[in-house]
Amino acid sequence: MNFRILVVLFSVFFVSYANAVPVKQIYRAEIKLPVEESEAKMLNQAFSQAVEQVLVRVSGDKAAITGSLLQEAQSKAATWVAQHSVVALNQLLLVDGQLVAGNQVTVVFYAESIDRFLSQKNLPVWGSDRPSVLVWAVNEDNGVRHLSGANAPSQLLNDLASSAAMSGVPIYAPLIDTVDKGAISSADVWGFFEGSIRQASKRYQTDAVAAIRVSNYSGSVSGSLLVLLSDGSSQRFSLSGEDLTALADQASADMAKVFSTRYAAVRNNQAESRFLIQVSGINSYSALNKVQTYLERVGVVRDAAIAGAKGDAVTFSIAINGSKQKLINSISLNSVLQQVEAPKPELSVTPTEADIQPVLAGEGGVPAVAVVPEDKVEAISSPVVEYFKYNGVQ
């Protein structure tokens, strides 16, 4: 079998922070269709299929891109096309059991058109920086289990890689070398033992980890998916379908939905919020420019304006789509900024007359001293600010 594993293998080095993976050409789709007598008919079919792929990839919500919403998008798709090309395929296409000549139609849509449509429908727009996901895959064929990876390819992993690429979820395969075999077993993955899976995954330093188990018994397939997030939480999904490809498609859609919910936001005025972040470690104009440019590129950020500066710390006023937590989640995908604890606040004393406890004068007529109870010492109130440190990279 000729496996074309569409996964990226990590060089096994330890890094301080896991980086997001820039997913390229999220507004582009390649559609293979049989040759038609009418090119206009073929292009219309290609645009309809392409816009569905792109809307799913950009929103991360396959379940929402259906019904009347999809029909409306397909009716407008031709007006959203920035460019397209048609190339004859070297190999025949299998259509309804027959091999026929085919074309590949490459379609690129205007990002503004896709984003605007999703925003109008109150659906999220997921930027190109996406979390890296290590996938442990185990399949059971008639009672025999196999753990898949770079050194142990499988049809399950191949199908999952293809569907994940279509969904815009960058997945990584474990090596399944002697280190992995000593750290984890197919039973650990099959049982979804989270502690063992997290421990074995540390060497790969991805942003998230997934485990998928699939049972194939007498031609009937079923499965489950586990997604482990960096904050220690996890989500589980049941998988069903006619074959491995259907299960892989569902698993990819479930992963995309998890990450879209965590990192993407609806882009409209109703969802906008603004708050302050303070970034330390900015020692030059070049560093300031890099940090501001980086913030403006984060998917949920609408704008980032400088609100003040003191020493090497610069305060930015950030307008975002969605919640503050979505911004923090998105920043955590990259090593440019590291969230740090807030500096200790200055203290002020706000005693009332009843709080003052006189101390008797000492010898020589020393005046009495007013002592304020500790529970009356309060921190100076200030706007809520999130604090980060610039790591000097981008």
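This write-up is about the structure you can find in this document. Sequence order sets the numbering: in each chain, residues are counted from 1 along the sequence as written. Under the rules for a predicted model, residues below a pLDDT of 70 receive no local features and side-chain atom pairs below 80 are neither given nor counted, while totals for whole chains, interfaces and linings still include all residues. The basis for every side-chain value is the complete set of non-hydrogen atoms in the structure, without hydrogens or water.

### Notes on the pattern of salt bridges
Salt bridges, as used here, are contacts in which a Lys or Arg side-chain nitrogen is within 4 Å of a carboxyl oxygen on Asp or Glu. Within the structure shown, the criterion is met by twelve salt bridges. A salt bridge links E72 to K76; the shortest N-O distance between them is 2.9 Å. Placement of both E72 and K76 in helix α2 (residues 67-80) is noted, with a separation of four residues, approximately one turn of the helix. Residues D115 and R267 are paired through a salt bridge, measuring 3.4 Å at the closest nitrogen-oxygen approach. With a gap of 152 residues between them, D115 in helix α3 (residues 111-120) and R267 in the loop between β15 (265-266) and β16 (272-280) connect regions that are remote in the sequence. A simple rule labels every residue: compare its accessible area, found with a 1.4 Å probe on the protein chains alone, to the largest value its type can have, and call it buried under 20%, exposed over 50%, or partly exposed in between. Residue classification places D115 among the buried positions, given a relative accessible area of 13%. Put simply, DSSP H or I for four residues or longer makes a helix, DSSP E for two residues or longer makes a strand, and each gets a number counted from the N terminus.

### So, α2
If you check α2, its first and last C-alpha atoms are 20 Å apart, about what 14 residues at 1.5 Å a residue would give, namely 20 Å. Of all the positions in α2, only L69, L70, A73, A77 and W80 are classed as buried. Any two residues whose heavy atoms approach within 4.5 Å at even a single point are treated as in contact. The inward-facing, buried residues of α2 contact α1 (39-59), β3 (81-88), β6 (102-109) and α3. By this rule the span expected of a helix is its residue count minus one, scaled by 1.5 Å.

### Description of the sheet that holds β6
On the basis of which strands lie adjacent, the open sheet formed by three strands has the order β2-β6-β3 and antiparallel pairing. The sheet is open, and its two edges are formed by β2 (28-34) and β3, each paired on a single side. Within the sheet, the average angular offset between the axes of one strand and its neighbour, ignoring direction, is 20°. At least two DSSP bridges between two strands are needed for those strands to be called paired. Where β2 and β6 come together, seven bridges link them in antiparallel fashion. If you follow A29 over to β6, its bridge partner there is V107. Sheet contacts for α1: β2, β3 and β6; angle to β2, the most-contacted strand, approximately 140°. Lying over the sheet, α2 contacts β3 and β6, oriented at roughly 90° with respect to β3. Lines fitted to C-alpha atoms define the axes here, with helix axes fitted over just the stretch in contact, and angles between the N-to-C directions of these axes take values from 0 to 180 degrees.

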